[in-house]
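Geometric and topological summary
Read off the chains here:
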Amino acid sequence: MKLVIQVVDNAKVEVEKQITGQIGKGFLVLVGVGQNDTKSDAELLAKKLVGLRIFEDSGGKTNLSLSDIEGEILSVSQFTLYADCSHGRRPSFIYAGAPEMANELYEYFNSVLESLYPKPVQKGVFGADMKVSLVNNGPFTILLDSEELKK
């Protein structure tokens, strides 16, 4: 699994002009599921995400976690994180998880987040044409890949 984590002042996702998820300060998390990903990948990334200390403290150092600032999480599925652009100019998505499996792992990832963090996870709609708006703070963006974390 792959995550793109953006520190935001606020973010929202809309499907067919209806807001499906909206947060204030916290993390906008783009979630990609690969064809070989498992529940253990989802658990590993969820635990890592909630423990990240990437918010500034009063001294300007990235010392605070999501719970320290009482932040929120907006989780949005994004299969394009598995784009393979190594050949030609059109990306291939052969490494992305099949839709049914990917949706199951995306939902499992969100449920693990909710078991680890006291605030409800706001979400996009898997497979939908989503419009994501955000105010990126910093900008501060982190990439997490479960394969890299397992090394």
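These numbers come from a predicted model, not from an experiment. Along each chain, residue indices are assigned from 1 in the same order as the chain's sequence is written. Only residues with pLDDT of 70 or above have their local features reported here, since the model is predicted, and side-chain atom pairs are shown and tallied only from 80 upward, although totals for entire chains, interfaces and linings are computed over all residues. To get the side-chain values, take all heavy atoms of the structure and skip hydrogens and water.

**Focus on the overall build of the protein chain**
Formally: Helix numbering and strand numbering both begin at the N terminus, where a helix is a DSSP run of H or I of at least 4 residues and a strand a DSSP run of E of at least 2. Accessible area is worked out with a 1.4 Å probe on protein chains only. A residue is then buried under 20% of its type maximum, exposed over 50%, and partly exposed in between. We call two residues in contact whenever any of their non-hydrogen atoms come within 4.5 Å of each other. Only the protein chains shown count as covering a residue, and every accessible area follows the Shrake-Rupley method with a 1.4 Å probe.
From N to C terminus, the protein chain includes 3 helices and 8 strands. Ordering the α and β elements of the protein chain from the N terminus gives β-β-β-α-β-β-β-α-β-β-α. Projected onto its principal axes, the C-alpha positions of the protein chain cover 45 × 40 × 30 Å. With 151 residues in all, the protein chain has 38% of them scored as buried. If you take every contact in the protein chain between residues at least 6 apart in sequence, the share linking residues at least 24 apart comes to 73%. Total accessible area on the protein chain stands at roughly 8,500 Å², and carbon and sulfur atoms take up 49% of it.

**Quick look at the nonpolar core**
Rules: We call a set of buried residues a nonpolar core when its members are Ala, Val, Leu, Ile, Met, Phe, Trp, Tyr or Cys and they connect through side-chain atoms within 4.5 Å of each other.
If you look at the biggest cluster of nonpolar residues, it comprises 27 residues, and the most contacted ones within it are Leu3, Ile5, Phe27, Val29, Phe109 and Leu113. The set of elements that each furnish at least two residues to this core consists of strand S1 (2-15), strand S3 (26-32), helix H1 (39-51), strand S4 (53-56) and helix H2 (99-116). With 6 residues, H2 is the single largest residue contributor to this core. For Phe109, the residues in contact, after removing those within four places along its chain, are Met1, Leu3, Val31, Ala42, Leu45, Ala46, Leu49 and Ser75.

**Details of the pattern of salt bridges**
Stated formally: A side-chain nitrogen of Lys or Arg and a carboxyl oxygen of Asp or Glu constitute a salt bridge if their distance falls within 4 Å.
Applying the stated criterion to the full structure yields 6 salt bridges. Put simply, Lys123 and Glu107 hold a salt bridge, and the shortest N to O gap is 3.9 Å. Highlighted residues: Lys123 in strand S7 (residues 122-123) and Glu107 in helix H2, separated in sequence by 16 residues. What makes Lys123 partly exposed here is its relative accessible area of 24%. Here Glu148 and Lys151 are joined by a salt bridge, their closest N and O atoms 3.2 Å apart. Residues joined in a network through salt bridges with shared partners are Asp41, Glu147 and Lys150.

**Points about the layout of surface pockets**
The criterion, for reference: We place a 1 Å grid over just the protein atoms. Points where a 1.4 Å probe fits but has no way out form a cavity, open points with protein on both sides within 12 Å along at least 5 of 7 lines form a pocket, and any residue with an atom within 4 Å of a point lines it. Grid points are joined across faces, edges and corners, and a volume is the space filled by probe spheres set on the points. Residues are grouped as follows: Ala, Val, Leu, Ile, Met, Phe, Trp, Tyr, Cys and Pro are nonpolar; Asp, Glu, Lys and Arg are charged; all remaining types, including Gly, are polar.
What the largest pocket holds in volume is close to 370 Å³. Of all the secondary-structure elements, those providing two or more residues to the lining of the largest pocket are S3, strand S6 (72-77), H2 and strand S8 (130-145). Broken down by element, the residue count for the lining of the largest pocket peaks at 4 residues, all from S3. Residues that form the lining of the largest pocket fall into these classes: 14 nonpolar, 7 polar and no charged.

Taken by themselves, the reported measurements are silent on function.
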